[in-house]
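Listed below are the residues making up each chain.
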Amino acid sequence: MAGEFLHAVSAVFMIFCLMAVGCGLGAMGWIGKAEKRFIARFVVNIAVPMNCIVGVLNHLNREGLMEMRSMFLVPICCILLSLFISMVAAMLLKLPDNRRGVFVSMAFLSNTMFIGLPISTQLFGEISVPYVMLYYAGSTIFTQTVSVILVERSGTGREEERDLLSFGKGILTKPPILGVIAAFLLLTTGIRPPEMAMRFAGYLSDTVSPLALMYCGYVVYELGFRNVKFERGIPAMLVIRLLLAPLICALLCRAFGVDGLARRVFITEAALPVVSQITVMAGEYGADEQYAAAGSVLSTIGIFVTIPILMLIVR
């Protein structure tokens, strides 16, 4: 037990070390808005799809794929229940209009990409990638739909009309989702790219963790610790995001019979900080950007305590 705790502490410490590099590079002026944009585009559009293909083809087989179909219900149900709890909490807290949607979005969604993928590979190894991608697939659907609507309403008081075709196009044209689809199609058909192509994809895949975490570190630097305040709703958001969400996920895993590595990865993915995109959306739609920034920074700091403890409980 002590060994697992120390491993979790060292994994989270490594995460923060890489984030510190990004923060330091920002302070030195080596990373600016242009470099931030490049890193985000490269990681999301190139490195993550390659990471998904390599992870699925190297660590999963057809039998495992059939088993994962039912597993997809766990992240979907976990996110839906977290959404319901977050909406009730926002109503009870009587948050102002420009914060309500931001609060709900921060509380019910976890950062499965920039922090979730690196922390899971640090804790469980590359074999965890297929399960991370499964959780990410469910999370990104809600991020690009429900979260956008909530934050938009907090900023403008209205929501733009979105038809089913534009919604489907928006989801299915995202490179990470295409990477997930391509990986599982290759696995289903039994087609494996040539070894040279797999090695090439592997090199690109290896850049995900360091670049994603340096990006997060720069975001923390960019937001600034002066914005970190425990304003009304932030403590409740942290409880939902870092404590209730993984508890809900653990109960759902038991209900759906999900065990082993998949269970540990899902619970870890449910216990992660606020999606960094929420702050960007809040600024874009005129919602309370500083409130979103505070939630993002505080939830990121919070996992230094919660993740090691979670690894002791989830065995």
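> Which parts of the structure should I look at to understand the nonpolar core?
Within soluble globular proteins, side chains that are nonpolar tend to cluster in buried spots. With 106 residues, the main nonpolar core has Val102, Phe103, Phe266, Ile278 and Ile307 as its most contacted residues. Considering every element that reaches this core, the biggest residue donor is helix α7 (residues 129-156), with 12 residues. Look past the residues within four positions of Val102 in its chain and what remains in contact with it is Val151, Ser154, Ile278, Ala282, Ala287, Asp288, Tyr291 and Ala292.

> Sorry, what's going on with the side chain of Ser105 here?
Mapped onto the fold, Ser105 is located in helix α5 (residues 97-108). Those residues in contact with Ser105 that sit more than four places away from it in its chain are Ser147, Leu150, Val151 and Ile278.

> Mind showing me how you'd approach unusual backbone geometry here?
Trans peptide bonds make up the majority, and among non-glycine residues the majority have a negative phi. The phi dihedral of Lys94 falls on the positive side, at around 50 degrees, and the residue is not glycine. Taking relative accessible area as the criterion, Lys94 reaches 67% and is therefore assigned exposed.

> Looking at this model, I keep getting lost on the packing of α5 against helix α12 (residues 234-255). Mind explaining?
The angle between the axes and the distance between the axes are what describe a pair of packed helices. For the pair α5 and α12, interaxial distance at closest approach is 8 Å and the crossing angle is 25 degrees. Here α5 lies roughly parallel to α12, going by the angle between them. The crossing of α5 and α12 is right-handed. Here Phe103, Met106, Ala107 and Phe108 of α5 come into contact with α12, specifically with Ile234, Ala236, Met237, Ile240 and Arg241. Classifying every residue of the contact of α5 with α12 by side-chain character gives 8 nonpolar, no polar and 1 charged.

> Before we go on, may I ask you to explain the packing of aromatic side chains in this structure?
In this description, an aromatic ring pair is defined by two values, namely the gap between the centres and the angle between the planes. Tallied over the entire structure, the rule returns 5 aromatic pairs. Each ring, one from Phe16 and one from Phe304, has its centre 5.4 Å from the other, and the planes form 85 degrees; the classification is edge-to-face. In this pair, Phe16 is assigned in helix α1 (residues 2-28) and Phe304 in helix α15 (residues 289-313), connecting sequence segments 288 residues apart. A ring pair is formed by Phe38 and Phe42, whose centres lie 5.9 Å apart and whose planes are at 25 degrees; its orientation type is stacked. Taken as a pair, Phe38 and Phe42 lie in helix α2 (residues 33-59) at a separation of 4 residues, close to a single helical turn. On the basis of relative accessible area, Phe38 is assigned to the exposed category, the value being 54%. A residue is classified by how much of its surface remains accessible, and Phe42, at 16% relative accessible area, is buried.

> How should helix α10 (residues 195-205) be read in this particular structure?
Note: α-helices contain 3.6 residues per turn, so residues at a spacing of three or four share the same orientation. Along α10, the positions that sit buried rather than exposed are Met198, Ala201, Gly202, Leu204 and Ser205. Axial view of α10: buried residues confined to an arc of 165 degrees, hence all on one face. In α10, the exposed residues that point more than 90 degrees away from the buried face are Met196, Arg199, Phe200 and Tyr203. Buried positions along α10 lie against α2 and α11 (208-223).

> Hey, could you run me through the pattern of salt bridges in this one?
Opposite charge on two side chains permits them to pair, given that their charged atoms come into close proximity. Scanning the model with the defined rule gives 3 salt bridges in all. Of the charged contacts, one joins Asp97 and Arg100 as a salt bridge, the two residues approaching to 3.0 Å between their closest N and O atoms. On the criterion of helical spacing, the pair formed by Asp97 and Arg100 is a turn pair, its members being 3 residues apart in helix α5. Residue Asp97 is classed as exposed on the basis of its relative accessible area, which comes to 53%. Asp288 is the salt-bridge partner of Arg99, the closest N and O atoms lying 2.7 Å from each other. Pair noted here: Arg99 is in helix α5 and Asp288 is in the loop between α14 (277-285) and α15, with a separation of 189 residues, a long-range link. Asp288 matches Arg99 in its accessibility class, with the two residues each being buried. One connected set of salt bridges, linked through shared partners, spans Arg99, Glu231 and Asp288.

> What should I look at first to understand the environment of Gly179 in this one?
Within the fold, Gly179 resides in helix α9 (residues 175-189). For Gly179, a relative accessible area of 4% corresponds to the buried category. Placed 133 residues apart in sequence, Gly179 and Ile46 show a C-alpha to C-alpha distance of 9.1 Å. The residues touching Gly179, leaving out its near neighbours within four places in the chain, are Pro49, Cys52 and Ile53.

Reading the values: the criteria
- Residues numbered from 1 in each chain as written.
- Predicted model: local features only at pLDDT ≥ 70, side-chain atom pairs only at ≥ 80, totals over all residues.
- Heavy atoms only, no water.
- Core = buried A, V, L, I, M, F, W, Y, C linked by side-chain atoms within 4.5 Å.
- Buried < 20%, exposed > 50% of the residue type's maximum accessible area, 1.4 Å probe, protein only.
- Helix = DSSP H or I, 4+ residues; strand = E, 2+ residues; numbered from the N terminus.
- Contact = heavy atoms within 4.5 Å.
- Axes fitted to C-alpha atoms, helices over the stretch in contact; angles between N-to-C directions.
- Parallel < 35°, antiparallel > 145°, perpendicular 65-115°, else oblique.
- Left-handed = near helix turned anticlockwise from the far one by under 90°.
- Nonpolar A, V, L, I, M, F, W, Y, C, P; charged D, E, K, R; others polar.
- Phe/Tyr/Trp six-rings, centres within 6.5 Å; stacked < 30°, edge-to-face > 60°.
- Arc of directions from axis to C-beta.
- Salt bridge = Lys/Arg side-chain N within 4 Å of Asp/Glu carboxyl O.

Worth remembering: the numbers are spatial, not functional.
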